[in-house]
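Residues per chain, in single letters:
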Amino acid sequence: MKVQHWGFAWGLLALCCTGVASAEGVLDRINSGGKLVIAHRESSVPFSYIDSASGKPVGYAVDLCLRLAEVVKKKTGKKDMGVEFLAVTPANRIAMIEQGKADLECGSTTNNAERRQKVAFTIPHFITGARLLVKSTSPIDRVEDLNGKKLVSTKGTTPLKAADQANRERLMGITIVEAPDHAKAVEMVEKGEADAFVMDDVLLYGLAAGRPDPKALKVVGRFMTTEPLAIMLPKNDPEFKKLIDEEMRRLITSRDIHAIYDKWFNKPIPPNSTVLNLPVSYLLRDFWKYPTDQVPF
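Asks: What exactly am I supposed to notice about the state of the cysteines here?
Replies: A covalent bond between the sulfur atoms of two cysteines is referred to as a disulfide. Under the counting rule described, the total for this entry stands at one disulfide. Each disulfide pairs two cysteine sulfurs, and for cysteine 65 the partner residue is cysteine 106, the sulfurs being separated by 1.6 Å. Its S-S torsion of approximately -95 degrees makes the covalent link between cysteine 65 and cysteine 106 left-handed. Taken together, the residues cysteine 65 in helix α3 (residues 60–76) and cysteine 106 in strand β6 (residues 104–106) connect sequence positions 41 residues apart. Neither residue differs from the other here; cysteine 65 and cysteine 106 are each classed as buried.

Asks: So what exactly am I meant to see when it comes to the layout of surface pockets here?
Replies: Gaps between atoms show up when a probe of the same size as a water molecule is rolled over them. Size it by volume and the second largest pocket reaches roughly 280 Å³. Residue lining of the second largest pocket: 18 residues in total, with Val45, Tyr49, Leu207, Gly210 and Pro271 positioned closest to the centre. Each residue belonging to the lining of the second largest pocket can be placed in one class, and the counts come to 10 nonpolar, six polar and two charged.

Asks: Please explain the sheet that holds strand β2 (residues 43–44) as it appears in this structure.
Replies: To summarise the sheet geometry, strands pair through backbone hydrogen bonds and adopt either a parallel or an antiparallel arrangement. Spatially, three strands are ordered β2-β3-β4 in an open sheet, and the strand pairing comes out antiparallel. The sheet is open, and its two borders are formed by β2 and β4 (57–58), each paired with just one other strand. As paired elements, β2 and strand β3 (residues 48–50) share two bridges and run antiparallel to each other. Along β3, the bridge assignment pairs serine 44 with serine 48.

Asks: For this particular structure, what's the right way to read α3?
Replies: Because each turn of an α-helix spans 3.6 residues, side chains separated by three or four positions end up pointing in the same direction. When the terminal C-alpha atoms of α3 are compared, their 25 Å separation across 17 residues agrees well with the 24 Å that a helix rising 1.5 Å per residue should span. Among the residues of α3, those classed as buried are Tyr60, Ala61, Val62, Asp63, Leu64, Cys65, Leu68, Ala69, Val71, Val72 and Thr76. One or two residues past the end of α3 sits glycine 77, with phi positive at roughly 75 degrees.

Asks: Just to check I follow, could you spell out the sheet that holds strand β9 (residues 130–135) for this structure?
Replies: Taken together, five strands build an open sheet; the order of strands is β11-β10-β12-β9-β13 and the sheet is mixed. Looking at the sheet topology across the chains shown, the edges are occupied by β11 (175–179) and β13 (217–220). Taken pair by pair, the neighbouring strands of this sheet meet at an average axis angle of 30 degrees, ignoring direction. Relative to strand β12 (residues 196–200), β9 runs antiparallel, the two being bridged by four bridges. The residue of β12 that forms the bridge with leucine 132 is valine 198.

Asks: Would you mind going over the packing of aromatic side chains with me for this structure?
Replies: A ring pair, where both rings are aromatic, is described by two values, the distance of the centres and the angle of the planes. Under the definition given, this model contains nine aromatic pairs. Their ring planes at 70 degrees and their centres at 5.7 Å tell us that phenylalanine 47 and phenylalanine 265 sit as a pair that is edge-to-face. Linking phenylalanine 47 in the loop between β2 and β3 with phenylalanine 265 in helix α9 (residues 256–265), this pair joins segments that are 218 residues apart in sequence. The pair phenylalanine 47 / phenylalanine 265 is uniform in exposure class, with both members buried. Considering the side-chain rings of tyrosine 261 and phenylalanine 265, the 4.3 Å spacing of their centres and the 25 degrees angle between planes classify their relative orientation as stacked. Note that tyrosine 261 and phenylalanine 265 are positioned in helix α9 at a spacing of four residues, about one turn of the helix. The same class applies to tyrosine 261 and to phenylalanine 265, which are both buried. Aromatic ring contacts, followed pair by pair, group Phe47, Tyr60, Phe126, Tyr261 and Phe265 into a single cluster.

What counts as what
- Residues numbered from 1 in each chain as written.
- Predicted model: local features only at pLDDT ≥ 70, side-chain atom pairs only at ≥ 80, totals over all residues.
- Heavy atoms only, no water.
- Disulfide = S-S within 2.5 Å.
- Helix = DSSP H or I, 4+ residues; strand = E, 2+ residues; numbered from the N terminus.
- Buried < 20%, exposed > 50% of the residue type's maximum accessible area, 1.4 Å probe, protein only.
- 1 Å grid on protein atoms, 1.4 Å probe; cavity = no way out; pocket = protein on both sides within 12 Å on 5 of 7 lines; lining within 4 Å.
- Points joined across faces, edges and corners; volume = space filled by probe spheres on them.
- Nonpolar A, V, L, I, M, F, W, Y, C, P; charged D, E, K, R; others polar.
- Pairing = 2+ DSSP bridges.
- Expected span 1.5 Å × (residues − 1).
- Axes fitted to C-alpha atoms, helices over the stretch in contact; angles between N-to-C directions.
- Phe/Tyr/Trp six-rings, centres within 6.5 Å; stacked < 30°, edge-to-face > 60°.

Interpretation in functional terms is not warranted from these geometric data alone.
In structure tokens form, the structure reads like this:
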């Protein structure tokens with residue numbers, strides 16, 4: 001009996017130790033010589049996208065993540081810390097963070113209660129809302145005008161869920177289709193394969209500005225959602241999250257973030273030197289007065 005008792009005790013101890021080992025944090029891994037992995041998007045202009053001229057990920061969120069990487073390097077004392085970029089999609093971005101394949105997701109991801117069940121978020125770097133992108137010749141001016149028409153949105157996004165819910169609850173008879181990414185959704189509107197594309201309005205402005213004929217598209221309608229966009233982090237890594245939150249708060253309170261914002265929203269951006277002319281909104285300005293990772297959504 002004693003042998004069985006001690007065998008059971010050692011088994012419990014081994015199980016506990018395994019759990020501790022599997023819970024290694026990002027900073028511990030980097031201290032052991034690991035790389036910081038930054039997840040990026042391919043067409044979330046101007047937050048995170050591939051610059052066709054250089055072939056590299058660029059954008060507002062990418063710049064913020066590179067600033068955060070410098071803080072991680074300083075904290076760990078690893079001057080030779082490697083930084084690796086990993087392309088993600090709207091459909092797999094949460095899983096890449098949840099599974100530990102990326103440490104920071106630098107894009108245009110909304111912080112909401114459903115996602116906080118799986119991942120953590122730092123302080124929002126942008127606040128936007130979902131509106132509609134249509135052809136400039138389209139009579140569509142609001143979501144109610146889509147009755148019996150075709151609406152596209154990107155797979156795995158909150159605007160897609162909001163549109164689907166509104167369609168069901170209000171019996172609007174809209175045919176909703178999913179696109180694999182933002183670029184494909186815009187293309188469907190241009191080709192007449194969809195009557196409108198619902199997405200965060202700032203992304204719609206950025207996507208339209210990058211098309212061959214930007215004036216052929218327009219953004220219309222009232223906000224269907226409120227979207228606080230923030231960088232995603234692993235859920236159960238309080239030491240790493242504290243470091244990231246502190247640096248984001250410092251960037252905001254010192255106003256360093258305003259220069260980064262202006263670079264991407266008020267100055268020419270690659271690849272076509274487009275200027276979006278989007279000043280900091282009143283919603284974001286008010287939120288940054290008391291920067292926090294807590295959002296009421």
